[in-house]
Amino acid sequence: MVLSSYVTPILHLTLLFVICSCVCSKASTSPPTATKIGNGYRLVSLQESSDGGLIGQLQVNKKNNIYGPDIPHLQLYIKHETDDRLRVHISDAQKPRWEVPYNLLPRDQPPSPSQQITTRKLTNPITVSEFSGGELIFSCIAKPFSFAVRRKSNSQTLFNSSADESSPSPYNSLVFKDQYLEVSTSLPNDASLYGLGENSQPHGIKLYPNDPYTLWTTDQSAINLNMDLYGSHPMYMDLRNIKGKAYAHGVLLLNSNGMDVFYRGNSLTYKVIGGVLDFYFFSGPSPLAVVDQYTQLIGRPAAMPYWSLGFHQCRWGYHNLSVVEDVVENYQKAKIPLDVIWNDDDHMDGHKDFTLNPNAYPRPKLLDFLQRIHARGMKYIVIIDPGIGVNNSYGTYTRGLAKDVFIKYEGKPYLAQVWPGAVNFPDFLNPATVAWWGDEVQRFHELVPVDGLWIDMNEASNFCSGLCTLPEGRICPNGTGPGWICCLDCKNITSSKWDDPPYKINASGTHVPIGYKTIATSAVHYNGVLEYDAHSIYGFSHAIATHKALQALQGKRPFVLSRSTFVGSGHYTAHWTGDNQGTWNDIKYSIYTMLNFGIFGVPMVGSDICGFYPQPTEELCNRWIELGAFYPFSRDHANYYSPRQELYQWETVATSARNALGMRYRLLPYLYTLTYEAHTTGAPIARPLFFSFPDNQELYGLSTQFLLGDSLMISPVLDQGRTNVSAVFPPGTWYNLFDPSQAIISKGTQTFTLDAPLHVINVHLYQNTILPMQRGGMISKDARMTPFTLLVTFPAGATDAKANGRLFLDNGELPEMQLGNGESTYVEFSASASKQMVKVWSDVQESKFALDNGWVIEKITVLGLSGVGGAFSVEVEGSLDTLDASKVELVETDHKFLDGVNEVKSVMVEVGGLNIPIGKKFTMSWKMGIS
C-alpha cells in the first residue's frame, strides 16, 4: 500500500480542477433532486487508523429537516483493503447504526468511534487530500465534503460525489439522516452500466437512463418490468472505452435498506432509507476481473453438484405421486434427458413445511419411488417456504414456539398468511433458529431422503399486510378460491416511523407502504433488529441456514435454490428468476436477468423454461427449450392453473429438446469445469459477449446472445415466426457446434443471418479453443462416464495458431470443489499449429482420481487445417505410438463462410480410435499444411 501525501494538506490546483470539472461539465434533462434536501458536511479532521486506513470526522454544515434532522457528526473510514479494492465507509460518529451483519457476510469491521486513533490530526482547514493504494486513489474536498475515486494507471475518475449547483442537473451534496441517506456520482455520458437488480429490464442488459431502479425484496412476479423484484443487489459494473481500450470497474453500496437509485446517464444518485454508506470500489480493469474482485469480497459462488447441471422438471400441480411417476417415465419414453424431478407444495400436508400428504404422497410409496429413481442416478427436490403454519398439532411449529424462533411484534410472534393459512416467520438472524431449522431439515430428510431444497416466498411474502389476528367464527382459509386472498383480520400499521418512513421508495412501482404484503417493518428480530433494516437479507439468511442444514446431513455438496437473494447469496444458493410468463418478451428478459446474476456472483441461474404461466404456444416452447438447454440452471416449471407443458407434451418440442439437451449433456464436462472456475474465481458461467471482447463497443448492449465460458456463443431465436436469426459475430472464426464442417469467418464485428428452422439453435465455438466433450446420455450419471472427445479450433487461414482448454473432474458431490484432496483431477489441454507442424498435448494435476475412474479420450478433432502430411505420433507418459495416416479419418469439407466474399476450404481432421487416459499426460503431433 502506498500512502500518498495525506500527512499534510495538499493545495494542488490541478487536482482540485480535475475533481470539480468531473461534475461541472455534466448535464441532465431530468434532475434526480428537485428540492435541496441537505447542505452537506465538511471534513474537520483526518487521521491514520491502526489498521493502515484513514479515519475522518465530518460535521454537518447547516441542519435541514427535510426527511428528518441531519446526523450532526459522521465518521469517515477509508481503507485500501487490497491492491484492487477500496472501501469508503460513512456512519454516525457517535452511535452504531444498522449494517449488514458481519457474521452473515464476513468482512473487516471499521474501527468503532470509541476506538483510539493512533496518529496526529491534520492541519485545518483541509482543501484536498489523497490516499493512494495499489490501483485506486481516494481523494476528497473538505467543504462541502465530497470524495472521488480514480484509477492510478490512467487517472480516470471512477466515482465523484462532488455536487455542482450551477449544473443543469445538480444533485445534492452528501445527506445523512436517520432514515434518509443520499449520495451521488457524476458519470461520463458514454459509460455503460450493468447491475442494480433484481428487476426485469425491458431494454436489455445495460442500465437504461431514467428507468426506475428500486431495491427492496418483493414477492412481485418477474413479468413486472422495472420494479423491485425478489432480490436486492446494490452493485453495478461500469464499462468505459477510452481510445479503443476497455476499462471496467465495479461499485458496491453494501446496504440492505430500501433504496431508489436514479441513473440519469451522466449521474447516478442513491436515496437510501437507513443504514450506512459502505462503498466498495473494484478496479477491474476487465469485466472478468471486476467479478473476481467482487466475489473475493462477498464470497465465491457455491460449488454445485454435477447432477444439478442436468435437466430439471417441475410443476405446481402434480396432485399425487402417480402423476410424478408418469412424468419420469414419459421423459424416458420420449428419450429426453432428465436428472431431477421436483415437487412444488403438492407433496405437503396442508401446505405445511416438512410434511407429507398421506393420501396423495403416502410415505411407503414415495420411498419406493425414490429408491427406484436414485438407483438410476436421478434426484428429487421439494419446496419449503419460510412461513410456518400456526397449528398446535404441527410439530415444526410447536418446537419452534418452544425455542422462541419467530420474528416478533410487540413481544408476540408476528402473524401473517401464506399457503398454509396463518403463519409465523422464523428469524434466521437468531442462532437458535438456525439450529432449529437444521433439526427440522434433518427430521424431514429422515422422513424423505430429498437431494436438495427449494426455498421460496422468502422476500418474505405475506398475503396480508399490517397487524393481523386470527378471525373468530370462520375458517381461514376456507379452501375455496385462490389461496393468496388474505382472510386474516388485519389493520394497517402507520403510527411508527419504521412503517411509514419520511421518504417513500418506489416500492412495487407505486409507492406502496414498504410493509405491503410482507412482514411489518416495525416487527423485531433477534437482538432488537428491526425488519425495516433486515428485510432484504431475509432470503439471504434463509439460504445460509438451509445450506448449513443440508451440509450437515450426509457430508455431500448442498443444492439450494432460492427465490430471494442479496449480496453474497451466490455463496450458498442457485437462483431462478421467478414467476415469468410464456411470452416472446419473457424469453428475451430471461437472458438479461441471467447475465446480470452472473455479474452479481450468482452464476447458477435460469428461468422457468416455457414460462410459468399462462401456457406457451408450441412454437415458443420449442424456442425456449433450445435456449433453456444452455441456461446454467435448466428447469421446466409451470403454474398450477396452466395446462401441462412437460417437454414431451408436443412432439415438435420433444424433438427440439432431444437436440438441444442432447448437446447440453455432451457439454456437461465443460459446464462443470465452468462451475469450478466460478467457484474459485467468481467467473460467470453465462456471460455477455463483451466479457471476452471488452474492447468492442458494439457488444456493450448486445442482449440477445451470450457466451458460456469465454468461447461458446449461443444465438437463440427469440421472435415468433422466425426461421432464421440475426447474430452478431466478433472478429475471428466461429465453428457451428452441431456441424463443425460449417463455420463463419467474421472480418470485423459483423451481423450474419443464420438459418434456424424450428428444431435448430445456433451454437458456435470460437477459434483458439479446446472443448472437452463426452458422448452424452439420458442422465448425467451415465453421461459423465462415457469417453471424451477433444474439439480443437484453429482460426481458418492462420499460419501460426494456438488453442487451449481446461477440464476439472471430481465425484460431483464432495463437500468441497477443489484440488488437493486426492479426489479430483485438473487437466490443461494445449494445441499449436506452426511451421507445418500440429501438436496437441496435456498437462495433468493430481492424476490419480481420473485414472481410478478410467476416463479416456477416444477422439481428437482439429478444425482449421488444410491437409495431411507425414506420420502421426502419439506419446502418452513416455509410451510412443506411431499412427499411420491410413488409420486417421480425414474429413475435408468446404466451410460455409457467410461474409459474402471468400470461400475458404478447411479440413476437419478427426483422429479416432484413441484410448488415452485422461489422467496421463500426452503429446500428439503430425505434419500438416495450414490454410
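This text follows the structure it describes.
Keep in mind that this is a model prediction, so the values were computed, not measured.

Reading guide: rules and limits
- Residues numbered from 1 in each chain as written.
- Predicted model: local features only at pLDDT ≥ 70, side-chain atom pairs only at ≥ 80, totals over all residues.
- Heavy atoms only, no water.
- Helix = DSSP H or I, 4+ residues; strand = E, 2+ residues; numbered from the N terminus.
- Rg over C-alpha atoms; globule rule 2.2 N^0.38 Å.
- Buried < 20%, exposed > 50% of the residue type's maximum accessible area, 1.4 Å probe, protein only.
- Expected span 1.5 Å × (residues − 1).
- Contact = heavy atoms within 4.5 Å.
- Phe/Tyr/Trp six-rings, centres within 6.5 Å; stacked < 30°, edge-to-face > 60°.
- Lys NZ or Arg CZ within 6 Å of the ring centre and 35° of its normal.
- Pairing = 2+ DSSP bridges.
- Polar contact = N/O pair within 3.5 Å; in protein donor to acceptor, adjacent residues only side chain to side chain.
- Disulfide = S-S within 2.5 Å.
- Axes fitted to C-alpha atoms, helices over the stretch in contact; angles between N-to-C directions.
- Parallel < 35°, antiparallel > 145°, perpendicular 65-115°, else oblique.
- Nonpolar A, V, L, I, M, F, W, Y, C, P; charged D, E, K, R; others polar.
- Arc of directions from axis to C-beta.
- Patch = residues over 30% accessible without salt bridge, like charges linked within 9 Å, V, L, I, M, F, W, Y side chains within 5 Å.
- Areas by Shrake-Rupley, 256 points an atom, 1.4 Å probe, with all protein chains shown as cover.
- Salt bridge = Lys/Arg side-chain N within 4 Å of Asp/Glu carboxyl O.
- Core = buried A, V, L, I, M, F, W, Y, C linked by side-chain atoms within 4.5 Å.
- Lys, Arg positive; Asp, Glu negative; His and termini not counted.

**Student:** Whenever I open this one, the overall build of the protein confuses me. Can you help?
**Tutor:** If you tally the helices and strands in the protein, you get 14 helices and 52 strands. In terms of overall size, the protein behaves like a compact globule, its C-alpha atoms giving a radius of gyration of 29 Å where 931 residues would be expected to give roughly 30 Å. Counting only C-alpha atoms, the protein reaches 90 × 75 × 50 Å along its principal axes. Within the protein, buried positions represent 64% of all 931 residues.

**Student:** I keep staring at helix α11 (residues 651-666) and nothing clicks. Help me out?
**Tutor:** In an α-helix, one turn spans 3.6 residues, which is why side chains three or four residues apart end up on the same side. The terminal C-alpha atoms of α11, which comprises 16 residues, lie 22 Å apart, in line with the 22 Å expected from a rise of 1.5 Å per residue. Those residues of α11 that fall on the buried side of the exposure criterion are V653, A654, S656, A657, A660, L661, M663, R664 and Y665. In this structure, the buried side of α11 is in contact with β18 (311-313), α10 (618-628), β33 (634-636), α12 (668-681), β42 (769-774) and α13 (780-783).

**Student:** Just checking my understanding: could you explain the packing of aromatic side chains for this structure?
**Tutor:** Remark: the centre distance and the inter-plane angle together describe each pair of aromatic rings, the angle taken between the planes. Per the counting criterion, the structure on display carries 56 aromatic pairs. Ring centres of W484 and Y641 lie 6.0 Å apart, and the angle between their planes is 85°; this geometry places the pair in the edge-to-face category. Of the two residues, W484 is situated in the loop between β27 (467-469) and β28 (489-491) and Y641 in the loop between β33 and α11; the sequence distance between them amounts to 157 residues. Here W484 falls in the partly exposed class, since its relative accessible area comes to 38%. Cation over ring: R635 sits above W342, and NZ or CZ is 4.7 Å from the ring centre. Looking at K839, its charged tip hangs above the ring of W841, at a distance of 4.9 Å from the centre.

**Student:** Even after reading the chapter, I still don't get the sheet that holds strand β38 (residues 732-736), so can you show me in this structure?
**Tutor:** Hydrogen bonds between backbone atoms are what pair the strands of a sheet, whose relative direction is either parallel or antiparallel. Strands sit in the order β34-β35-β36-β41-β38-β39 across an open sheet of 6 strands; the sheet is antiparallel. Each of the sheet's edge strands pairs with one partner strand only, and the pair in question is β34 (686-687) and β39 (743-746). Bridge count for strand β36 (residues 712-715) against strand β41 (residues 762-766) is 4 bridges, and the pairing is antiparallel. Within β41, the position partnered with I714 by the bridge is V763.

**Student:** What am I meant to see in the side chain of N241 here?
**Tutor:** Assignment of secondary structure puts N241 in strand β13 (residues 233-242). Within polar-contact distance, the side chain of N241 engages the backbone nitrogen of K245 at 3.4 Å. One polar contact links the side chain of N241 to the main-chain carbonyl oxygen of D695, over a distance of 3.0 Å. Leave out the neighbours within four places in its chain, and N241 touches D190, A246, P694, D695, Q697 and Y700.

**Student:** Please clarify how the state of the cysteines should be interpreted in this entry.
**Tutor:** Linking two cysteines covalently via their sulfur atoms produces the bond known as a disulfide. A full pass over the atoms with the stated rule returns 4 disulfides. The disulfide that involves C476 links it to C487, with 1.9 Å between the sulfurs. Here the disulfide of C476 and C487 is right-handed, its torsion about the S-S bond being about 80°. With C476 in the loop between β27 and β28 and C487 in the loop between β27 and β28, this residue pair connects regions lying 11 residues apart in the sequence. Using a relative accessible area of 17% as the deciding quantity, one classes C476 as buried. Using a relative accessible area of 14% as the deciding quantity, one classes C487 as buried. If the cysteines joined by disulfides in the protein are listed in sequence order, their pairing comes out as 1-4, 2-6, 3-5, 7-8. C610 supplies the cysteine sulfur nearest to C314, a cysteine that is in no disulfide, at a spacing of 13 Å.

**Student:** I would appreciate a short explanation of the sheet that holds strand β10 (residues 181-186) in the present structure.
**Tutor:** The antiparallel open sheet is built from 5 strands, whose spatial order is β9-β10-β16-β15-β12. Two strands bound the open sheet, and with one partner strand each, they are β9 (175-176) and β12 (212-215). Two strands pair when backbone bridges link them, and β12 and strand β15 (residues 259-263) are joined in this way by 4 bridges, in the antiparallel orientation. Residue pairing in the sheet places T214 in a bridge with D260 of β15.

**Student:** I keep staring at the packing of helix α9 (residues 584-599) against α10 and nothing clicks. Help me out?
**Tutor:** Helix packing geometry: the angle between the two helix axes and the distance between the axes. Between α9 and α10, whose axes approach to 10 Å, the crossing angle comes to 10°. Between α9 and α10, the crossing angle belongs to the class labelled roughly parallel. Two secondary-structure elements touch here, α9 through W584, D586, I587, S590 and I591 and α10 through E619, L620, R623, W624 and L627. Considering only residue class, the contact of α9 with α10 consists of 6 nonpolar, 1 polar and 3 charged.

**Student:** Help me understand the environment of P694 in this model?
**Tutor:** With respect to the helices and strands, P694 occurs in the loop between β34 and β35 (706-708). Along the chain, P694 and R240 lie 454 residues apart, while their C-alpha atoms are 9.4 Å from each other. For P694, the residues in contact, after removing those within four places along its chain, are N241, A246, P287 and Y700.

**Student:** Any chance you could explain helix α5 (residues 395-402) here in plain terms?
**Tutor:** T396, Y397 and G400 are the residues of α5 that are buried. Buried residues in α5, looked at end-on, bunch into an arc of 100°, giving them a common side. Contact partners of the buried residues in α5: β21 (388-389), β25 (421-424) and α6 (431-447). A positive backbone phi angle near 60° is found at D404, which sits one or two residues after α5.

**Student:** How do you make sense of the environment of E472 when you look at a structure like this?
**Tutor:** One can find E472 in the loop between β27 and β28. On the basis of relative accessible area, E472 is assigned to the exposed category, the value being 75%. In this structure the C-alpha to C-alpha distance between E472 and D489, which are 17 residues apart in sequence, comes to 8.9 Å.

**Student:** I keep staring at a nonpolar patch on the surface and nothing clicks. Help me out?
**Tutor:** Residues W484, I485, Y640 and Y641 make up a contiguous nonpolar surface patch of about 430 Å² in total accessible area. Within the element layout of this structure, Y640 appears in the loop between β33 and α11. For Y640, a relative accessible area of 34% translates into the label partly exposed.

**Student:** So what exactly am I meant to see when it comes to the environment of N359 here?
**Tutor:** Position of N359 among the secondary structure elements: in the loop between β19 (340-343) and α4 (363-376). Sequence-wise, N359 and N320 are 39 residues apart; in three dimensions their C-alpha atoms are separated by 8.1 Å.

**Student:** What is the right way to look at the nonpolar core in this model?
**Tutor:** Buried together is how nonpolar side chains tend to be arranged in soluble globular proteins. L252, F559, F630, L647, F706 and L708 are the most contacted members of the largest nonpolar core, which totals 195 residues. The element that contributes the greatest number of residues to this core is α9, accounting for 9 residues. In terms of nonpolar packing, the next biggest core, distinct from the first, is built from 46 residues, I71, L76, C140 and L174 among them.

**Student:** Mind showing me how you'd approach unusual backbone geometry here?
**Tutor:** Omega for the peptide link from G197 to E198 comes to 20°, which places this bond in the cis form. Note on placement: E198 falls in the loop between β11 (192-197) and β12. Non-glycine residue N226 carries a positive phi angle of around 55°. Within the secondary structure, N226 sits in the loop between β12 and β13. Classification of N226 as buried rests on a relative accessible area of 15%. Here H511, not a glycine, exhibits a phi torsion of approximately 60°, which is positive. Positionally, H511 belongs in the loop between β28 and α7 (531-534). Among the residues examined, H511 registers a relative accessible area of 47% and is labelled partly exposed.

**Student:** Honestly, the side chain of D353 in this entry has me stumped. Any pointers?
**Tutor:** Within the fold, D353 resides in the loop between β19 and α4. Within the buried core, D353 has no salt-bridge partner, and the shortest N-O distance to an opposite charge, that of K352, equals 10 Å. Leave out the neighbours within four places in its chain, and D353 touches M348, I384, D385, P386, G387, I388, Y394, T396 and W437.

So, to be careful, I would describe these as geometric facts and stop short of saying anything about function.
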